[in-house]
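Architecture and fold: a report
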Amino acid sequence: MGLSFLVLFYFVLPQINAGRDPIVVTILAAAVIIPLTFYLAHGPSWKTTSAVGGTLITLILTGLLARVAVDATRMTGYATEEAYFLQLASQGEINLRGLLMASIIVGLLGILDDISVSQAAIVQQLKRVSPDLSLRELYGRAMDVGRDHIASLVNTLVLVYASSAMPLLLLFLSDDLGFRQAINYEFVAVEVVRTLVASIGLIAAVPITTALACWLAGMGALDDERGSESGQHAH
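Being a predicted model, the structure only gives us computed values, none of them experimental.

1. Some points on the overall build of the protein chain
Regarding its fold elements, the protein chain presents 9 helices and 0 strands. Counting from the amino terminus, the protein chain carries its helices and strands in the arrangement α-α-α-α-α-α-α-α-α. Within the protein chain, the fraction of its 235 residues that count as buried is 38%. Across the protein chain, every contact between residues at least 6 apart in sequence was considered, and the portion connecting residues at least 24 apart equals 73%. Summed over its atoms, the accessible surface of the protein chain is roughly 13300 Å², and 65% of this surface lies on carbon and sulfur atoms.

If you want it as structure tokens, here you go:
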């Protein structure tokens with residue numbers, strides 16, 4: 001956690017404040033944070049490596065999806081009062097649309113840690129219990145667990161966003177706004193896009209991480225077989 005905050009406060013925020021592309025800065029920071037925190041927390045192993053790879057690939061895909069979604073919905077980034085104050089303080093040098101995309105990636109990063117490490121750990125345990133499983137069987141059994149994990153995490157994500165938007169939801173209820181009118185307010189559309197993009201990222205992380213973990217597990221088993229064969233020849 002300390003490393004994550006150091007990178008955030010000493011790299012991400014200063015670079016964005018200097019006018020750099022927020023989404024590029026955030027992905028570069030994630031490329032530093034993810035390996036450091038994953039290997040520090042879980043130790044060096046093929047399980048951790050597959051979680052790192054799956055998380056990085058998913059973040060890149062999510063970044064591209066966030067850019068497409070923000071462009072397609074024509075968001076400006078001025079959904080909050082803080083955005084106006086920030087633009088005044090920076091004299092318009094900060095890309096607020098890019099900042100919105102970057103916030104989606106940062107919000108997803110913590111949840112991806114959970115799902116990617118869990119999927120890699122499932123593959124590791126299945127391989128230990130049943131070392132004779134083929135890659136297809138290993139992937140299928142791990143995905144059976146992963147689908148349940150996806151459903152619970154996406155539900156959690158939606159409820160977290162809903163809880164932070166409770167005053168807004170009550171405002172819509174009291175004003176009796178229609179769905180079409182409400183969804184066209186940018187501060188509502190931001191939360192919808194944030195939830196959808198993050199959910200798609202979570203869903204994509206499971207098969208990506210599981211596939212990487214199964215491949216690395218197969219490579220590890222192959223290396224073990226080669227090591228045992230060389231040991232027998234030596235004897």
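Moving on, there is more to tell.
2. Some thoughts on the side chain of T48
With respect to the helices, strands and loops of the structure, T48 is situated in helix α3 (residues 46-72). A polar contact is formed between the side chain of T48 and the backbone oxygen of G43, at a distance of 2.7 Å.

3. Observations regarding the packing of aromatic side chains
Per the stated rule, a full pass over the model turns up 1 aromatic pair. Both rings, one in F5 and one in F9, keep their centres 6.0 Å apart while their planes meet at 20°; by these two values the pair is stacked. You can see F5 and its partner F9 sitting in helix α1 (residues 2-17), 4 residues apart, about one turn around the helix. For F9, a relative accessible area of 48% puts it in the partly exposed group.

4. Let's talk about helix α5 (residues 96-129)
Every α-helix winds through 3.6 residues per turn, so residues three or four apart in the chain are directed the same way. The first and last C-alpha atoms of α5 sit 50 Å apart over 34 residues, in line with the 50 Å expected at 1.5 Å per residue. Along its length, α5 reaches its greatest deviation from straightness, about 35°, at I111.

5. As for the nonpolar core
As a rule of thumb, nonpolar side chains are buried together in soluble globular proteins. In terms of nonpolar packing, the biggest core is built from 51 residues, with I34, L59, M75, L112, I115, V123 and L202 touching the most fellow members. Looking at this core, the elements that each hand over two or more residues are α1, α2 (22-42), α3, α5, α6 (135-164) and α9 (186-234). Among the elements that take part in this core, α5 stands out by supplying 13 residues, more than any other. When sequence neighbours within four positions are dropped, the list of residues in contact with M75 reads V70, R97, L100, E186, A189, V190 and V193.

6. A short note on the environment of G63
Here G63 is to be found in helix α3. The class of G63 is buried, set by a relative accessible area of 4%. The spacing of G63 and V197 is 134 residues in sequence and 9.0 Å in space, taken between C-alpha atoms. When near neighbours in sequence (up to four residues on either side) are disregarded, G63 contacts I23 and I105.

7. Re the packing of α2 against α5
Interhelical geometry of α2 versus α5 gives an angle of 20° and a closest axis separation of 10 Å. One element, α2, and the other, α5, form an angle in the roughly parallel class. Classified by chirality, the crossing of α5 by α2 is right-handed. Counted together, P22, I23, T26, I27, I33, I34, F38 and H42 of α2 and G98, L99, M101, A102, I105, V106, L109, D113, S116 and V117 of α5 form the full contact between these two elements. Here the contact of α2 with α5 is composed, by residue class, of 13 nonpolar, 4 polar and 1 charged.

Cut-offs and rules
- Sequence order sets the numbering: in each chain, residues are counted from 1 along the sequence as written.
- The model is predicted, so local features are restricted to residues of pLDDT at least 70 and side-chain atom pairs to those at 80 or more, both for listing and for counting; the totals for chains, interfaces and linings are taken over all residues.
- Here the side-chain values reflect all heavy atoms present in the structure, with hydrogen atoms and water set aside.
- By the criteria applied, helices consist of DSSP H or I runs no shorter than four residues and strands consist of E runs no shorter than two, each listed in order from the N terminus.
- Burial here depends on accessible area, computed with a 1.4 Å probe over protein chains only, as a share of the maximum for the residue type. Under 20% is buried, over 50% is exposed, and the range in between is partly exposed.
- Pairs of residues are marked as contacts when any of their non-hydrogen atoms sit within 4.5 Å.
- All accessibility values rest on the Shrake-Rupley procedure with a 1.4 Å probe; residue burial counts only the protein chains present in the view.
- Contacts described as polar in this section are N or O atom pairs within 3.5 Å, which, within protein, must combine one atom able to donate a hydrogen with one able to accept it, while residues neighboring in sequence count only if both atoms come from side chains.
- Each Phe, Tyr or Trp ring, with Trp reduced to its six-membered ring, pairs with another whose centre is within 6.5 Å; inter-plane angles below 30 degrees give stacked pairs, above 60 give edge-to-face pairs, and intermediate values give tilted ones.
- Here the expected span of a helix is defined as 1.5 Å times the quantity of residues minus one.
- A residue's bend is the angle separating two fitted axes: one through the seven residues that end there, the other through the seven that start there.
- The definition of a nonpolar core used throughout is a set of buried Ala, Val, Leu, Ile, Met, Phe, Trp, Tyr and Cys residues joined through side-chain atoms within 4.5 Å.
- Axis angles are defined between N-to-C directions and span 0 to 180 degrees, where every axis is a line fitted to C-alpha atoms and, for a helix, only to the segment in contact.
- Any angle that is under 35 degrees is reported as roughly parallel, and any over 145 degrees as roughly antiparallel; angles of 65 to 115 degrees are reported as roughly perpendicular and all others as oblique.
- Note: crossing handedness is left-handed where the near helix turns anticlockwise from the far helix by less than a right angle, and right-handed where it turns clockwise.
- Asp, Glu, Lys and Arg are counted as charged, while Ala, Val, Leu, Ile, Met, Phe, Trp, Tyr, Cys and Pro are counted as nonpolar; the rest, among them Gly, fall into the polar class.

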